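# A structural walkthrough
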Amino acid sequence: MSIWKKLLWFGVAALGTRAVAILALSRGEHISALWIVIAGFCALSISYRFYSKWLATKVLVLNEERATPAVLQNDNKDYVPTNRWMVFGHHFAAIAGPGPLVGPVLAAQFGFLPGTLWILIGATLGGGVHDMIVLFASIRRGGKTLGQMVKEEIGPGVGLLALVSVLAIMIILLAVLALVVVQALAQSPWGVFTIAVTIPLALIMGIALRTGKVSVVAITIFGLLGLAFGVWGGQFLAHFPAIEAWFRHDQKWLAWAIMIYGLAASILPVWMLLTPRDYLSTFLKLGTVAMLAAAVVLINPTLQMPAITKFIDGSGLVFAGPVFPFVCITIACGAVSGFHSLIASGTTPKMIRRESRIRSIGYGAMVTEMMVALMAMIAACVLQPGEYFAINTKGAPAEVIAKVSAVGFPVTETQMQKLAANLGETTMFNRAGGAPTFAVGMAHMFSRVSAKPSALALWYHFAIMFEALFILTTIDAGTRVGRFLLQDFLGNLWRPLGNTRSWSANFFSSVLLVAAWGWFLYEGVIDPLGGINSLWPLFGLANQLLSVVALCLGTTLLIKMHKTKYLFVTLVPLCFMCAVTFSAGYLKVFSPDPRLGFLSGARSLLREASGIADPPKAAELIRQAGVWRFDAFVAVFFLVLVLAIVLGSARQWWQLIRRTRRVVLHESEFVPITPAQLAQF
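Every chain is numbered independently, its residues counted from 1 as its sequence is written. Per-residue local features are limited, in this predicted model, to residues with pLDDT of at least 70; the limit for side-chain atom pairs, both in listing and counting, is 80 or more; totals at the level of whole chains, interfaces and linings are taken over all residues. The basis for every side-chain value is the complete set of heavy atoms in the structure, and neither hydrogens nor water enter the calculation.

## Describing the overall build of the protein chain
- Scanning the protein chain from N- to C-terminus turns up 27 helices and two strands.
- Taking 26 Å as the expected radius of gyration for a compact globule of 681 residues, we find that the protein chain reaches 25 Å, a close match to that expectation.
- Considering only C-alpha atoms, the protein chain reaches an extent of 100 × 60 × 60 Å along its principal axes.
- The method behind every accessible area is Shrake-Rupley, applied with a 1.4 Å probe, and residues are considered shielded solely by the protein chains displayed. Surface summary for the protein chain: the accessible area is close to 27,300 Å², and the carbon and sulfur share equals 67%.
- A residue counts as positive if it is Lys or Arg and as negative if it is Asp or Glu; His and the chain ends are not included. Charge positions come from single atoms, namely NZ of Lys, CZ of Arg, CG of Asp or CD of Glu. Taking the average location of the 51 positive side-chain charges in the protein chain and that of its 30 negative ones, the two points are 9 Å from each other. To qualify as a helix, a DSSP run of H or I must reach at least 4 residues; to qualify as a strand, a run of E must reach at least 2; elements of each kind are numbered from the N terminus. As defined in this context, the radius of gyration uses C-alpha atoms, and a globule is described by 2.2 Å times the residue total to the power 0.38.

Written out as structure tokens, the structure reads:
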């Protein structure tokens, strides 16, 4: 490296350090959101240029001459060698679900500093390593899934536990993702129209690319023009009531539509629908995120949220729980996400042509998602704190206003009514969940570049549609990966069901999987109290438990590759994620705070029900208490399974290291035979 390049990278490191120092040390003064963007850009640049390259060349030793599963097992259905930019688009679209958008918004209740630091550190030192090593392992093992690799590399007993836990967690994750999309698109013709347009566009792109007669550039231009029409044209549906009625649907209709779409995406060849649609969606995702970054640079908004709030003790209005471990659990996909291991060992390794792409796709997509999470943090923190907490706090308007103002963030009903009117909504109270808050923050920044009175409402509804599209691409890839996992499990019961080349086995497994997560989805639609409120707390915990399983596999592989001197690469994030997940799981189940603990919350609801004379209301509270108890059972089930996997992995590590030491000792005592001795034989 030349002296000028060294000076350049030293300057990038110094600028990033200064940005983090300003964010961490400034108190009682207004801070520009631009410093978060600078910190993220510097962290992305340095970690990708140096750390990912070191992982690729020294730790994993990627070999450009090795044939990948996509080339060796090309079946034109699941294993398909694909253009690297389309693979990157598919992978990024699949891993970037609600976590990097919703998680940072919810975690903003602790202030902008805890979440920003975790995103920067977690993504570069944990998430990127996690994604890259699982993708590498799957490619080196013929595109096998996470459950298959754990079974083969750690042991059949641990592997069976991993298959059961991963499959159960996957069903919960897909149900939550689908429920978020349904709630975002319900009675939203614009959003449904845009997403509906992407399906025929993807089919045309996939078929055209498959013929080999149309270039990727031409297909991309066609797809972008069609996507622009879908995004821009949706706003005019209101002028055509008859057409608008085709795209205005309730939650039940949308739930069935998403189930049918997930089934189709799982069964059809990967080149026909899944890859081109995710590739197309990536342009909207990255384009919108780039627009957000440009808006931050041009507008230079001020962070209204304090660096650290009083809610780090666990008394938050948005959700209960102390800053550690819940800032890590809440942000999830923006830093370390176990769901990524399912994509990195599911669809993506079956499409990569060369091993060298593991670095740009595995690590590169993760640090790109890190920037998405930072943009979401900015969108939440540029709002007035009173408005932020009023949007995300449940209760009657007067009660919410009194509660938020009492903790030091004044807000009025008139202020909230004006905000709702400007956004084209009837009310912004009881909009918890993070997605509406992100949309409000994004709309505030984009609307400042236009003088039109309707700009705020236009950008708000665009942001809602953007979030739904962002999450839906995770559902289609996740359903396909879930089908692989289910076939791994069913193959142990009856071998023909595990054959991924059999259309009938694929169809049966897909229907079974979609029925499983579709049941949870439909229950959430018809019973909101038993749906999103019960499933969302499990989402973050289950997601991070998956990362523990994946890091256990990565550590095992490094030992088997005789890379024990590099074990810190996976062991450090593994130990940290174990501390995060098991402490969070314990608090969610056994905390005496009824707002936090499942069991104490159930007891509190039962006590409340016993003092109510209204039988229907009492019955509803009793039913809700049963849901909380079910949540506690599921959380304990996940924790016990993953703990058994960790202990089984640790036992395997000890045996492998001892065996390696014996081999090394034996080799050190070896004396080479001389030519004279050889002549005697």
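There is more to say after this.
## Let's talk about a nonpolar patch on the surface
- Exposure above 30% relative accessible area and the lack of any salt bridge qualify a residue for a patch; like charges then connect within 9 Å, and the nonpolar side chains Val, Leu, Ile, Met, Phe, Trp and Tyr within 5 Å. One side-chain nitrogen of Lys or Arg within 4 Å of one carboxyl oxygen of Asp or Glu is enough to make a salt bridge. Together, F229, W232, F236, F240, I243 and W246 make up an exposed nonpolar region whose accessible area comes to about 690 Å².
- If you list the elements that add at least two residues to the nonpolar patch, you get α10 (216–233) and α11 (241–247).
- Its place among the elements puts F236 in the loop between α10 and α11.
- Three exposure classes are used, based on accessible area relative to the maximum for each residue type with a 1.4 Å probe and protein chains only: buried under 20%, partly exposed in between, and exposed over 50%. Taking the relative accessible area as the measure of exposure, F236 reaches 31% and is therefore partly exposed.

## A closer look at the environment of Y460
- Residue position: Y460 is located in helix α21 (residues 455–493).
- Residues Y460 and I36, 424 residues apart in the sequence, show an inter-C-alpha distance of 23 Å.
- If we skip the residues at most four places from it in the chain, Y460 touches L423, E425, M428, R431, P436, A439, V440 and A443. By definition, residues are in contact when any of their heavy atoms lie within 4.5 Å.

## As for unusual backbone geometry
- With an omega dihedral of 15°, the bond running from F324 to P325 counts as a cis peptide bond.
- Despite not being glycine, V61 has its phi angle at roughly 55°, a positive value.
- Within the secondary structure, V61 is located in the loop between α2 (34–59) and α3 (69–72).
- Classification of V61 as partly exposed rests on a relative accessible area of 39%.
- Although it is not a glycine, N300 adopts a positive phi angle of roughly 55°.
- Mapped onto the elements, N300 comes out in the loop between α13 (274–299) and β2 (302–303).

## Section: the pattern of salt bridges
- Enumeration according to the criterion identifies eight salt bridges in this entry.
- R141 is paired through a salt bridge with E153; the nearest N and O atoms lie 2.9 Å apart. Highlighted residues: R141 in the loop between α6 (112–140) and α7 (146–153) and E153 in helix α7, separated in sequence by 12 residues.
- Owing to a relative accessible area of 22%, R141 belongs among the partly exposed residues under this scheme.

## Some remarks on helix α4 (residues 84–95)
- Expected span, for any helix, means 1.5 Å times one less than how many residues it has. Counted at 1.5 Å a residue, the expected span for α4 with its 12 residues is 16 Å, and the 16 Å between its end C-alpha atoms agrees.
- Extensive coverage of α4 is indicated by the burial of 10 of its 12 residues.
- Within the span of α4, buried status applies to M86, V87, F88, G89, H90, H91, F92, A93, A94 and I95.
- In protein, a polar contact means a hydrogen-donor-capable atom and an acceptor-capable atom, both N or O and within 3.5 Å, with residues adjacent in sequence counting only if both atoms are side-chain atoms; elsewhere, any N or O pair within 3.5 Å suffices. The N-capping residue of α4, defined by a side-chain oxygen 2.9 Å from the backbone nitrogen of W85, is N83.

## Things to note about the packing of α13 against helix α16 (residues 357–381)
- What counts as an axis is a line fitted to C-alpha atoms, over the stretch in contact for a helix, and the angles between N-to-C directions run from 0 to 180 degrees. Contact pair α13 / α16: the axes reach a minimum separation of 10 Å and the direction vectors enclose 50°. Looking at the two axes, α13 sits oblique to α16. Crossing of α13 over α16 shows left-handed handedness. In contact with L286, V289, L292, A293 and V296 of α13, α16 contributes T368, V372, M375 and I378.
- The class makeup of the residues in the contact of α13 with α16 is eight nonpolar, one polar and no charged. Angles are sorted into four bins: roughly parallel if under 35 degrees, roughly antiparallel if over 145, roughly perpendicular if 65 to 115, and oblique for all others. Left-handed is the label given to a crossing in which the near helix is rotated counterclockwise from the far helix by less than a right angle, and right-handed is the label when the rotation is clockwise. Each residue is assigned to one class: nonpolar for Ala, Val, Leu, Ile, Met, Phe, Trp, Tyr, Cys and Pro, charged for Asp, Glu, Lys and Arg, and polar for all the others, Gly among them.

## Notes on helix α20 (residues 435–447)
- Given a rise of 1.5 Å per residue, 13 residues ought to cover 18 Å, and the 18 Å separating the end C-alpha atoms of α20 matches this to within 8%.
- Among the residues of α20, those classed as buried are A435, P436, T437, F438, A439, V440, G441, M442, A443, M445, F446 and S447.

## What about the packing of aromatic side chains?
- Here a pair means two rings of Phe, Tyr or Trp (six-membered ring of Trp) with centres within 6.5 Å. Their orientation is stacked below 30 degrees between planes, edge-to-face above 60, and tilted elsewhere. Within this structure, the stated rule accounts for 22 aromatic pairs.
- Judged by centre distance (5.6 Å) and plane angle (90°), the ring pair of F110 and F319 falls under edge-to-face. With a gap of 209 residues between them, F110 in the loop between α5 (99–107) and α6 and F319 in the loop between β2 and α14 (323–331) connect regions that are remote in the sequence.
- The class of F110 is buried, set by a relative accessible area of 0%.
- Seen in terms of ring centroids, Y388 and F389 are 4.9 Å apart; in terms of plane orientation they differ by 85°. Their pairing is edge-to-face.
- Overall, F389 belongs to the buried group, its relative accessible area being 0%.
- Taken together through their ring pairs, the aromatic side chains of Y51, W54, Y363, Y566 and F568 make up a single cluster.
- Two conditions define a charge sitting above a ring: the NZ of Lys or the CZ of Arg must be within 6 Å of the ring centre, and it must be within 35 degrees of the ring normal. Directly above the ring of F50 sits R49, whose terminal nitrogen or CZ lies 4.7 Å from the centroid.
- The positively charged end of R359 is found above the aromatic ring belonging to Y48, 4.5 Å away from the centroid.

## Describing the packing of α4 against α13
- Following both chains from N to C, one finds α4 and α13 inclined at 75°, their axes separated by 7 Å at the closest point. The angle between α4 and α13 places the two elements in the roughly perpendicular class. Side by side, α4 and α13 meet where W85, M86, F88, G89, H90, F92 and A93 of the first sit next to L274, T275, D278, Y279, T282, K285 and L286 of the second.
- Looking at side-chain class alone, the contact of α4 with α13 contains eight nonpolar, four polar and two charged residues.

## Focus: the confidence of the model for the protein chain
- When the pLDDT values of the protein chain are averaged, the result is 84; 93% of them are 70 or greater.
- Per residue, pLDDT captures the predictor's confidence, and it can take any value from 0 to 100. Contacts from residues 662–674, a stretch scored under 50 in pLDDT, to residues over four places away or in other chains number two contacts.

## A word on the environment of F324
- Residue placement: F324 occurs in helix α14.
- With relative accessibility at 42%, the residue F324 sits in the partly exposed group.
- Along the chain, F324 and M205 lie 119 residues apart, while their C-alpha atoms are 46 Å from each other.
- The contact partners of F324, leaving out residues within four places of it in the chain, are F576, A579, V580 and S583.

## A few points about the side chain of S509
- Looking at the secondary structure, you find S509 in helix α22 (residues 503–526).
- A polar contact of 2.9 Å, which involves the side chain of S509, links it to the backbone oxygen of A505.
- Not counting chain neighbours up to four residues away, the residues in contact with S509 comprise R483, L486, Q487, L490 and L497.

## Description of the state of the cysteines
- When two cysteine sulfur atoms lie within 2.5 Å, the pair is treated as a disulfide. On inspection of all chains with the given rule, the structure shows zero disulfides.
- The closest cysteine sulfur to the non-disulfide-bonded C381 is located on C328, 16 Å from its own sulfur.
- A relative accessible area of 0% means that C381 is categorised as buried.
- C552 takes part in no disulfide bond, and the closest cysteine sulfur to it belongs to C578, at a distance of 6.1 Å.

## Comments concerning the environment of R431
- Its place among the elements puts R431 in the loop between α19 (413–423) and α20.
- Spatially, the C-alpha atom of R431 lies 5.7 Å from that of N392, the residues being 39 residues apart in sequence.
- With residues near it in sequence (within four places) discarded, R431 still touches I391, N392, E425, P436 and Y460.

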